[in-house]
Amino acid sequence: MNSLQLYNTLTRTKAIFEPLNPPFVGMYLCGPTVYGYAHLGHARPAISFDVLFRYLKHQGYQVRYVRNITDVGHLADEVNDRGEDKLIRQAKLEQLEPMEVAQRFTDAYHIDMDALEVLRPSIEPRATGHIPEQIRLIQEILANGFAYEAHGSVYFNVRKYNESYPYGTLSGRKIEDLMEGYRTLEGQDEKQSPLDFALWKKATPEHLMQWDSPWGRGYPGWHIECTAMSTRYLGTTFDIHCGGLDLMFPHHEAEIAQANAAFHPCEGTHRNEARTWLHCNLITINGQKMGKSLNNFITLQQLFTGNHPALERAYAPMVVRFFILQSHYRSTLDFSNDALTAAGKAYRKLSDLLYSLQQLVLYANDVEDDGNPVWEIPRNLEKNCLDSINDDLNTAKVIAHLFGVSTWFNTLKQDVKLLQSLPGQVLKKMVNVYETWFQEILGLQLIEPPSKEILAGVMELVISFRQQAKLAKDYASADKIREELQLLNITLKDSREGTYWSYEPKQE
RNA sequence: GGUGACAUGGCCGAGAGGCUAGGCACGGGUCUGCAACACCCUUUACGGGGGUUCGAAUCCCUCUGUCACCUCCA
């Protein structure tokens, strides 16, 4: 497979990816609503589409990757809760400004994503920073006749829209089917139809976040922000829109409707906002979706620290990343301690493999391609990885290919003669291919070198061995330890209370 | 009720008409002062029942089970 194929939710088929304006690629991912800490579920789209971002860049595209921050909360519970905003609810609970809540969880999100080696997007727009854009978009939709105003709120007219464009193409829904589901609901007096959704909501005086608009003071609806921000930075039709499966309906469906109604009102053919729509599946826990509303989620911080009753131990961020990449993004992925532990061991194996390769290549000879069939190994690895990622981002298969060379290499490592007989450039090629796929594209990093805590533990151990030598009157060994450490700029200081150590780099 | 998925060996998970995916775990062995690592061997699966085919885990029908969406959710 020579070129990237992606499964487009719109067409339900895989198709070769062709950018609208090569070498430029625009991609958008619906980012987090920042009213709580990110959980394992948030990691999935961030990581899956991070790999896409990395791969597109690797292929030489100039990618503008927009991932928004939703800091005007969506409505918490429209029917029962008088439409209280999630962020506002959280702010009231904690006696904070809504923006304080948003800031705190945005920062936390960044910390978690950085730990997972998720690259920062090209643009990370905030919904509250794009209120004028959202208002303008609503005005367009109103002017084109696809929305109506009611008591200071504005609603999208789904039935009207459906006369010009098929509504529900992304999620495979028909308006009649949807109506059946709504029959039981009541209230919603302002809406002409229960299918309609708010573009702008009138704010009550107590509402903490509100803005002036042509329709009075209020706040934007639940779907308009993404249409406003994606089209602002990527154009009215762009390449790739991604998100979690649970956003497909109604969020993405609404986005498409809004974009068509605002930008392509007379065309009859709908542009769908983005040409390719990608959806990653959900992470389940005991076969059930992990979600805030179900209250069965595990935050990333809990995962990293092991501080959760469902966790048998802590899992490093790279283990979490590896765990997610070991399945295909469109499959459900079931969380369990066993699965995470297995992923951790597998990740360590690959990490060790790359580390040894990097060490060994330092001693490689300069023999170039000499027709030795061993050259096929790195070449095949590269080709296989490429074929797999091109097949709708099959990272699971890429990982399998990386494992494919482990036996060959580990055997080689233990056989000096065989190693010396090898053209050295093969190893260099191997390192190059491995680094490209493991680090650059999958975004997996090597297991971290020893930290400060480890050094402290090791020093304690060394000092205790020296103490034993002194007690045994083996002063030669004791002095040797002190002298050798001094060569590493570590000074041992004996005192009545015990031995201390300090590190002082020598001034050259 | 409507819509859409999915069921793969002890576990996790790719694959999608013929060719061992892979990882983890288990058992046996080599190496090793012990351990770890590594290597070798072993274990061969596609929910049930029909059908299409020379051949099906892969296509079709059917049954069973699980899940998701239809309301905020990554």
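Just so we're clear, the structure is a prediction, and the values are computed from it rather than from any experiment.

## Considering the overall build of chain A
Step number 1: Across its full length, chain A carries 18 helices and 15 strands.
Step number 2: Dimensions along the principal axes, computed over C-alpha positions, put chain A at roughly 90 × 65 × 45 Å.
Step number 3: Long-range contacts, defined as pairs at least 24 residues apart, comprise 73% of the intrachain contacts of chain A with a sequence gap of at least 6.
Step number 4: Summing over all exposed atoms, chain A offers an accessible surface of approximately 24500 Å²; the carbon and sulfur share of this is 51%.

## Looking at the side chain of D71
Step number 1: The topology assignment puts D71 in the loop between β4 (62–67) and α2 (86–94).
Step number 2: On the basis of relative accessibility, which here comes to 0%, the residue D71 falls in the buried class.
Step number 3: From its side chain, D71 meets the backbone nitrogen of A127 in a polar contact 3.3 Å long.
Step number 4: Apart from residues no more than four positions distant in its own chain, D71 is found in contact with V34, L87, M99, A102, R126, A127, T128 and M209.

## Points about the nonpolar core
Step number 1: Counting 90 residues, the largest nonpolar core has M27, F49, L52, L303 and Y434 as the members making the most contacts within it.
Step number 2: Inspection of this core shows a minimum of three residues originating in each of domain 1 (5–280) and domain 2 (285–441).
Step number 3: Ranked by size, the runner-up nonpolar core spans 47 residues in total, among them C30, F146, A198 and A257.

## Let's talk about the pairing of strand β15 (residues 498–503)
Step number 1: As paired elements, strand β14 (residues 490–495) and β15 share 6 bridges and run antiparallel to each other. Counted as the bridge partner of I490 is Y503 from β15.
Step number 2: Counting the residues in the hairpin turn of β14 and β15 gives 2 residues.

## Some details on the sheet that holds strand β12 (residues 288–289)
Step number 1: Within the open sheet, the 3 strands sit side by side as β12-β11-β13. Their pairing is mixed. Edge positions in the open sheet fall to β12 and β13 (333–335), since each of these has one partner strand only.
Step number 2: Relative to β13, strand β11 (residues 283–285) runs parallel, the two sharing 3 bridges. Note on β13: the bridge partner recorded for I283 is L333.

## A closer look at the pattern of salt bridges
Opposite charge on two side chains lets them pair, provided their charged atoms get close.
Step number 1: For the structure on display, the rule yields 17 salt bridges.
Step number 2: Close ionic contact of D50 with R54 constitutes a salt bridge, the shortest N to O distance being 2.8 Å. One end of the pair, D50, and the other, R54, are both in helix α1 (residues 40–58), 4 residues apart, so they sit about a helical turn from each other.
Step number 3: Look at R54 and you get buried, because its relative accessible area is 8%.
Step number 4: Ionic pairing is found between E124 and R67, a salt bridge with its closest N-O pair at 3.0 Å. Of this pair, E124 sits in the loop between α3 (98–115) and α4 (131–143) while R67 sits in strand β4, and the two are 57 residues apart along the sequence.

## Focus on a nonpolar patch on the surface
Step number 1: On the surface, a cluster of nonpolar side chains totalling about 300 Å² of accessible area is made up of L455, W501 and Y503.
Step number 2: By the secondary structure assignment, W501 is in strand β15.

## So, the side chain of K191
Step number 1: Tracing the backbone through its elements, the reader meets K191 in the loop between α6 (175–182) and β7 (197–202).
Step number 2: Exposure remark for K191: the relative accessible area of 11% places this residue in the buried category.
Step number 3: At 2.9 Å, the side chain of K191 forms a polar contact with the backbone oxygen of D196.

## Brief notes about the environment of N8
Step number 1: Position of N8 relative to the elements: it lies in strand β1 (residues 5–8).
Step number 2: For N8, a relative accessible area of 8% puts it in the buried group.
Step number 3: Not counting chain neighbours up to four residues away, the residues in contact with N8 comprise T13, R275, T276 and W277.

## Let's talk about the confidence of the model for chain A
Step number 1: The share of residues in chain A with pLDDT of 70 or more is 93%, and the mean pLDDT across the chain is 88.
Step number 2: Mean pLDDT across the secondary structure elements of chain A bottoms out at α6, with 74, and peaks at β4, with 97.
Step number 3: Here residues 77–81 is modelled with pLDDT under 50, and outside its nearest four sequence neighbours on either side it reaches 8 contacts, counting other chains as well.

## Regarding the domain arrangement of chain A
Step number 1: Split into domains, chain A comes out as domain 1 (5–280), domain 2 (285–441) and domain 3 (452–503).
Step number 2: Using only C-alpha atoms to locate each centre, domain 1 and domain 3 end up separated by 61 Å.

## Looking at the pairing of strand β2 (residues 13–16)
Step number 1: In terms of strand pairing, β1 meets β2 through 4 bridges, oriented antiparallel. Residue pairing for β2: N8 is matched across the bridge by T13.
Step number 2: Here β1 folds back onto β2, and the loop between the two strands holds 4 residues, one of which, R12, carries a positive phi near 60°.

## Observations concerning helix α16 (residues 424–441)
Step number 1: For α16, built from 18 residues, the straight-helix expectation of 26 Å at 1.5 Å per residue is met to within 8% by its first-to-last C-alpha distance of 25 Å.
Step number 2: The principal kink in α16, of about 30°, is found at E435.
Step number 3: In terms of residue burial, α16 counts as a mostly covered element, since 13 of its 18 residues are buried.
Step number 4: Phi for G443, located one or two positions after α16, is positive at around 75°.

## Topic: the environment of E190
Step number 1: Summarising the element assignment, E190 is placed in the loop between α6 and β7.
Step number 2: Residues E190 and V154, 36 residues apart in the sequence, show an inter-C-alpha distance of 9.4 Å.
Step number 3: Ignoring sequence-local partners within four residues, the contact set of E190 consists of Y148, A150, H151, S153 and Y155.

## Section: the sheet that holds strand β6 (residues 153–156)
Step number 1: Overall, antiparallel pairing links the 4 strands, which are arranged β5-β6-β7-β8 in an open sheet. Of all strands in the sheet, those bounded by a partner on one side alone are β5 (147–150) and β8 (218–220). In this sheet, neighbouring strand axes are inclined to one another by 20° on average, regardless of whether the strands run parallel or antiparallel.
Step number 2: Together, β5, β6, β7 and β8 form the strand contacts of α4, whose direction differs from that of β7 by roughly 120°.

Quick notes on the rules
Residues numbered from 1 in each chain as written. Chains lettered and ligands numbered in written order. Predicted model: local features only at pLDDT ≥ 70, side-chain atom pairs only at ≥ 80, totals over all residues. Heavy atoms only, no water. Helix = DSSP H or I, 4+ residues; strand = E, 2+ residues; numbered from the N terminus. Contact = heavy atoms within 4.5 Å. Areas by Shrake-Rupley, 256 points an atom, 1.4 Å probe, with all protein chains shown as cover. Buried < 20%, exposed > 50% of the residue type's maximum accessible area, 1.4 Å probe, protein only. Polar contact = N/O pair within 3.5 Å; in protein donor to acceptor, adjacent residues only side chain to side chain. Core = buried A, V, L, I, M, F, W, Y, C linked by side-chain atoms within 4.5 Å. Domains from an automatic or database assignment. Pairing = 2+ DSSP bridges. Salt bridge = Lys/Arg side-chain N within 4 Å of Asp/Glu carboxyl O. Patch = residues over 30% accessible without salt bridge, like charges linked within 9 Å, V, L, I, M, F, W, Y side chains within 5 Å. pLDDT = per-residue confidence, 0-100. Expected span 1.5 Å × (residues − 1). Bend = angle between axes of the 7 residues up to and from the residue. Axes fitted to C-alpha atoms, helices over the stretch in contact; angles between N-to-C directions.

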